[in-house]
Amino acid sequence: MLGALSLIARPMTSQRLHGALLILLSSACFGVMPLFGRLAYDAGANTQAILLGRFLIAATGLAALMGWRRTTWPRGRLLLGLLAMGMLGYAGQAFCYFTALRYASASLTALLLYTYPVLVTLIAAFWLNERLTRRKIVSLLLATLGLGLTVGDALSGSWQGVAFGLTAALIYSIYIAVGSRLTPQAGAVASAAVVMAGGALMFALAAPFSPPIWPSGLSGWLAVAAIGLLCSVVAALTFFAGLSRVGAGEAAMLSTFEPVVTVALAAALLGERMSPTQWLGGAVIIAAVLLLARAPGPTLPE
C-alpha cells in the first residue's frame, strides 16, 4: 500500500497515471475474490462448483474477446504446454486457495498467497540460475519473518488453512516460473484463455469423482459469476493493460494493494479480525514484496 501511494505521489505522465489506475483496479478485483468465495460457500456451493464455474466463465469470456480481436490461438507444443499449466498449475493453485478459505480467514489466506513473489525469486535462483542479490536476500529474510508472525497465531486453530494457503503460494510460484517461458510466445490474452480452458477441463474431468454442489440462491450464483468475470477476466486484462504503461517493477509495487483490499473488506464486511502480531507480519510480507519489486529483473504478473 505504501508503494502504491509513493508511486502515485510522484509526478506522472497521463499514460503512467492511467497505467497505475489500471493496476490498482486489477488489484482490487483480485482482492475481493476471497469475499466472493465466502459468499458462494455460504450459499451451499462446494469448491468443485466454484472453480468449475469460475474457469468456464473466464475461459468463455476470454475466448469471446479473442474472437472479437481476431487473435490467433496457440498451436502444437505451445498449446499443450499452456493447457498443462491450466490443468495442473492454475487449477491446483486455485483448489488449494479456495480450500484454504474453508479453514482460515480471507485475510490470512490472502497474505499467505502473497508470499509467492518471494518464492518465485527462490525458484528463479535455483532453477533458472538467476543471481541472488543482497536486496533479494534481505527480501527473503523479511518474508520469512513476516510469514512466521502471520501464521503464528493461526496454527493452533486453522493449521489446515495455513497448509493449503502456503501450498497455493508454492504451486502458483512454480506456475509463474514455467509461464515466464511460455506466455511471451502466445501473448497475454491467448495464454490466459488457454490456461483458463485448461482449468475448466480439469474440473470437468474431476466432476464424476467429486460432483459439484451448486449454490442454492441468487447471491451464490452471482458470487460465482463475479469470481469468473470480475476476479479473473477483468482483473487479468486490466493488469496487462496497466503493465504495458508502467512497467513490471511499478506494477509489482502497485499490486501490493491487493492484500490490503482483502484485509480491509474482510474486516468491514465479514467481521474478520487479525491480532496485532498478524498485522505486523502482514506488513513485513508486503515490505518484502516492495523491496523485491525494486530489485533488477522482471516481475511476473498474476
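Note that the structure is predicted; figures quoted are calculated from it, not measured.

Examining the overall build of the protein chain
Turning to step 1, where the next piece is worked out: Assigned secondary structure in the protein chain consists of 14 helices and zero strands.
Turning to step 2, where the next piece is worked out: For the protein chain, the succession of helices and strands along the chain, N to C, is α-α-α-α-α-α-α-α-α-α-α-α-α-α.
Turning to step 3, where the next piece is worked out: A burial count over the protein chain gives 52% of its 302 residues as buried.
Turning to step 4, where the next piece is worked out: Pairs at least 24 residues apart make up 89% of the contacts formed inside the protein chain by residues separated by at least 6 positions.
Turning to step 5, where the next piece is worked out: Accessible surface computed for the protein chain: about 13,500 Å², of which carbon and sulfur atoms make up 69%.

Thoughts on the packing of aromatic side chains
Turning to step 1, where the next piece is worked out: This structure, assessed with the given rule, holds 10 aromatic pairs.
Turning to step 2, where the next piece is worked out: A centroid spacing of 6.3 Å and a plane angle of 5 degrees characterise the contact between Tyr 103 and Phe 164, whose relative ring orientation is stacked. Taken together, the residues span a long stretch of sequence, with Tyr 103 in helix H5 (residues 76-103) and Phe 164 in helix H9 (residues 155-186) at a distance of 61 residues.
Turning to step 3, where the next piece is worked out: Assessed through its relative accessible area of 28%, Phe 164 is described here as partly exposed.
Turning to step 4, where the next piece is worked out: Taking 4.9 Å as the distance between ring centres and 65 degrees as the angle between the ring planes, the aromatic pair formed by Tyr 116 and Tyr 172 counts as edge-to-face. Of the two residues, Tyr 116 sits in helix H7 (residues 116-127) while Tyr 172 sits in helix H9, which places them 56 residues apart along the sequence. Side by side, Tyr 116 and Tyr 172 carry an identical accessibility label, which is buried.
Turning to step 5, where the next piece is worked out: Site record: aromatic cluster; members linked through ring pairs are Phe 55, Tyr 90, Tyr 114, Tyr 116, Tyr 172, Tyr 175 and Phe 203.

Some words on the side chain of Asn 46
Turning to step 1, where the next piece is worked out: Turning to its location among the elements, Asn 46 is positioned in the loop between helix H3 (33-42) and helix H4 (47-69).
Turning to step 2, where the next piece is worked out: The exposure class assigned to Asn 46 is buried, which follows from its relative accessible area of 18%.
Turning to step 3, where the next piece is worked out: Of note is the side chain of Asn 46, whose polar atom sits 2.9 Å from the backbone nitrogen of Ile 213.
Turning to step 4, where the next piece is worked out: For Asn 46, the contacting residues outside a window of four places in its chain are Tyr 41, Pro 211, Pro 212 and Ile 213.

Regarding helix H6 (residues 106-113)
Turning to step 1, where the next piece is worked out: Most of H6 sits out of view: eight of its eight residues are buried.
Turning to step 2, where the next piece is worked out: All buried positions along H6 are accounted for by Ala 106, Ser 107, Leu 108, Thr 109, Ala 110, Leu 111, Leu 112 and Leu 113.

Let's talk about the environment of Ser 105
Turning to step 1, where the next piece is worked out: Within the secondary structure, Ser 105 sits in the loop between H5 and H6.
Turning to step 2, where the next piece is worked out: Spatially, the C-alpha atoms of Ser 105 and Arg 273 are 8.8 Å apart, while their sequence positions differ by 168 residues.

Let's talk about helix H13 (residues 257-269)
Owing to its 3.6 residues per turn, the α-helix brings residues three or four apart onto one side.
Turning to step 1, where the next piece is worked out: With 13 residues, H13 should cover 18 Å at 1.5 Å per step; its first-to-last C-alpha distance of 18 Å lies within 8% of that length.
Turning to step 2, where the next piece is worked out: Taken residue by residue, H13 has Glu 258, Pro 259, Val 261, Thr 262, Val 263 and Ala 266 as its buried positions.
Turning to step 3, where the next piece is worked out: Phi for Gly 271, located one or two positions after H13, is positive at around 70 degrees.

Overview of the environment of Leu 269
Turning to step 1, where the next piece is worked out: Among the structural elements, Leu 269 can be located in helix H13.
Turning to step 2, where the next piece is worked out: Judged by relative accessible area, Leu 269 falls into the exposed class, the value being 62%.
Turning to step 3, where the next piece is worked out: Considered as a pair, Leu 269 and Leu 35 are 234 residues apart in the sequence and their alpha carbons are 8.5 Å apart.

Re unusual backbone geometry
Negative phi values dominate among residues other than glycine, just as trans dominates among peptide bonds.
Turning to step 1, where the next piece is worked out: In this structure, Arg 70 takes a positive phi of about 55 degrees despite not being glycine.
Turning to step 2, where the next piece is worked out: Looking at the secondary structure, you find Arg 70 in the loop between H4 and H5.

Some remarks on the confidence of the model for the protein chain
If pLDDT is low for a region, its predicted coordinates should not be looked at in detail.
Turning to step 1, where the next piece is worked out: Confidence in the prediction of the protein chain, expressed as mean pLDDT, is 83, and 88% of residues score 70 or more.
Turning to step 2, where the next piece is worked out: Averaged pLDDT values over the elements of the protein chain bottom out at 43 in helix H1 (residues 2-9) and peak at 95 in H4.
Turning to step 3, where the next piece is worked out: Confidence over residues 1-9 falls short of pLDDT 50; this stretch has 14 contacts with residues more than four positions distant or in other chains.
Turning to step 4, where the next piece is worked out: With pLDDT under 50 throughout, residues 297-302 is counted as low confidence; its partners more than four residues away or in other chains account for 17 contacts.

What counts and what doesn't
- All residue numbers refer to positions counted from 1 along the written sequence of the respective chain.
- Predicted model: local features are reported for residues with pLDDT of at least 70 only, side-chain atom pairs are reported and counted for 80 or more only, and whole-chain, interface and lining totals are derived from all residues.
- By convention in this description, side-chain values take in all heavy atoms of the structure and omit both hydrogens and water.
- Strands here mean DSSP runs of E at least two residues long; helices mean DSSP runs of H or I at least four residues long; both are numbered from the N terminus.
- Each residue is assigned to one of three classes by its accessible area relative to the maximum for its type, calculated with a 1.4 Å probe on protein chains only: buried under 20%, partly exposed between the two thresholds, exposed over 50%.
- Here, two residues are considered to be in contact whenever any of their heavy atoms come within 4.5 Å of each other.
- Only the protein chains shown count as cover for residues, and all accessible areas are computed by the Shrake-Rupley method using a 1.4 Å probe.
- We call Phe, Tyr and Trp rings a pair once their centres come within 6.5 Å, taking the six-membered ring for Trp, and we label the pair stacked below 30 degrees between planes, edge-to-face above 60, and tilted otherwise.
- Think of a polar contact as two N or O atoms within 3.5 Å of one another; within protein, one of them needs to be a possible hydrogen donor and the other a possible acceptor, and neighboring residues in sequence only count if both atoms come from side chains.
- Residue count minus one, scaled by 1.5 Å, sets the expected span of a helix.
- Every residue gets a pLDDT, meaning the predictor's confidence in that residue, from 0 to 100.

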